[in-house]
Structures are given as structure tokens and as C-alpha cells.
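# Fold and geometry: a report
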Amino acid sequence: MDHNNILGAVLAGGKSYRFGEDKSHVKLNGKLLIDYILSEIVNEFKEILVVTNNQIAFHKSKKISTIKDFKKGQGPLGGVLSAMKWAKERNSNYKWILTFPVDTPFFKKKILKKFLSEINVEESKLFFIKSNNIRHNIFGVWSIDLMEKLEEDLNKGHKKVETWANSIGVKIINIEFTHEDPFFNINTKDNLEIAKEKIKND
């Protein structure tokens, strides 16, 4: 895929119910969770968009812009649509949105490069990563051509990412890892403690 046609988007607008507080403000080993993912992807795209409904003191870069969800309470799909609308309104040349979660501190850019290298844009308008057969619905490449359909379905109340993606016809790219899974995500305080131990042992 042509990286110049892709807008990187970090979805940081969730309410983090299971964690108990906004994960965008949580630190791991003295570093904000969002900065782990931003540091890996910031040099891979012309621009990065952070979709968040709160102020986040992440590492600043001229490449990074922030927007709020166009409509709150729509979940991750609402964040994707917000990114698509932002790209369209700016009359940019972006044809794809590549989404990342805010809570996956062990993800590395070499995985991103492998993911993109295995995508055939003729096969689908939506691609997700699987690692060792576990599907990651927030690590996705979404064609902006899906924008009208996505908005229509959100207005009808369709908010579950996996269900909506399956209805569209998502293509899954499976990547195998022999050691620690880099897609470990921090949903709870217990997950955060596990991540602290992982960092200690690296």
C-alpha cells in the first residue's frame, strides 16, 4: 500500500469502563500509554490523527492533530467515522484510515510494515490483523469509501466493530509470533500490573 494514501488514527475516545479511568492519562514506566503507540507510528505516516474527547498531554509533534468524536457514545466505529470525516472535510488525498488503540504498549512498527505489505487492496475495503489467530478489531485499515455506509449503520444503532466488519466483508491478515504477543492490551488495572512486569523483564 502507498503510505501517502493512509491517515494514521489513534482511537482514544473510549470511556475505559473496565479500567476505571481514562487510559489516555495512564502511565506505564513513567510514559503515557498513548505515547508508546505514537512513538512507533509517527514517522510512518504523513499525519497522525488522535480521536479523543479529552485533553491528553502526549508527546507533541507537528504531524499529530487531535479531534473529538463527531458524535459521542458511538464507540470505536464512531471514532473511525470521525477520522474519515476529518480527512474528507480537508479534501485530503487519503484513501484509507489505519486505526490503532491507545492501550497496546508493546506494538512495534515492524508489525505495521508486515501488515501493510500483505494487504491486497483489490481484495477488500477493510482489513484487520490477527495474531496467532486472535483477531484485533481496532488494528484495521478502512477504505474511506466505507464512510457513507458506516454513518448510515451507526445511525441505525450498529456499534459493534466485529459485527459491522463481518457484514462488510473484512479481510483478515494473520501474523504469527513465537514469543510474547505484541498485541497485549491494557483493559484493567491487573493488565497494567502485568505490563509493568513485562517491561521489567525485557
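Parameters and conventions
Starting afresh in each chain, residues are numbered from 1 along the sequence in its written order. Per-residue local features of the predicted model are confined to residues with pLDDT of at least 70, and side-chain atom pairs are confined, for both listing and counting, to 80 or more; whole-chain, interface and lining totals are unaffected and use all residues. Heavy atoms from the whole structure form the basis of all side-chain values; hydrogens and water molecules are not counted. Labels follow the DSSP assignment, with helices taken as runs of H or I lasting at least four residues and strands as runs of E lasting at least two, numbered in each case from the N terminus. What a helix should span is 1.5 Å times the count of its residues minus one. Buried means the residue's accessible area, taken with a 1.4 Å probe over protein chains only, is under 20% of the maximum for its type, while exposed means over 50%, and partly exposed covers the values in between. This arc is taken over the directions from the axis of the helix to the C-beta atoms. Only heavy atoms matter for contacts: two residues are in contact if any of them lie within 4.5 Å across the pair.

## Let's talk about helix 6 (residues 189-201)
Under the 1.5 Å per step criterion, the end-to-end length of helix 6 is 19 Å for 13 residues, consistent within 8% with the ideal 18 Å. Listed in full, the buried residues belonging to helix 6 are N191, L192, A195 and K198. Buried residues of helix 6, seen end-on, are gathered within an arc of 115° and therefore sit on one face of the element. Residues of helix 6 that are exposed and point over 90 degrees away from its buried face: D190, K200 and N201. Of the surrounding secondary structure, the elements contacted by the buried residues of helix 6 are strand 2 (27-28).

## Observations concerning helix 4 (residues 147-155)
Every buried residue belonging to helix 4 is among M147, L150, D153 and L154, and all of these are buried. One face of helix 4 carries all of its buried residues, which in axial projection span an arc of 135°. Set apart from the buried face of helix 4 by more than 90 degrees, the exposed residues are E148 and N155. Buried residues along helix 4 sit against helix 2 (75-89), strand 8 (134-143) and helix 5 (161-168). G157 lies just past helix 4 and shows a positive phi near 100°.

## Digging into the environment of E118
Among the secondary structure elements, E118 is positioned in the loop between helix 3 (109-117) and strand 7 (126-131). Given a relative accessible area of 34%, E118 falls into the partly exposed group. Note: C-alpha distance between E118 and H59 (59 residues apart in sequence) is 30 Å. Other than its neighbours up to four places away in sequence, E118 contacts I173 and N174.

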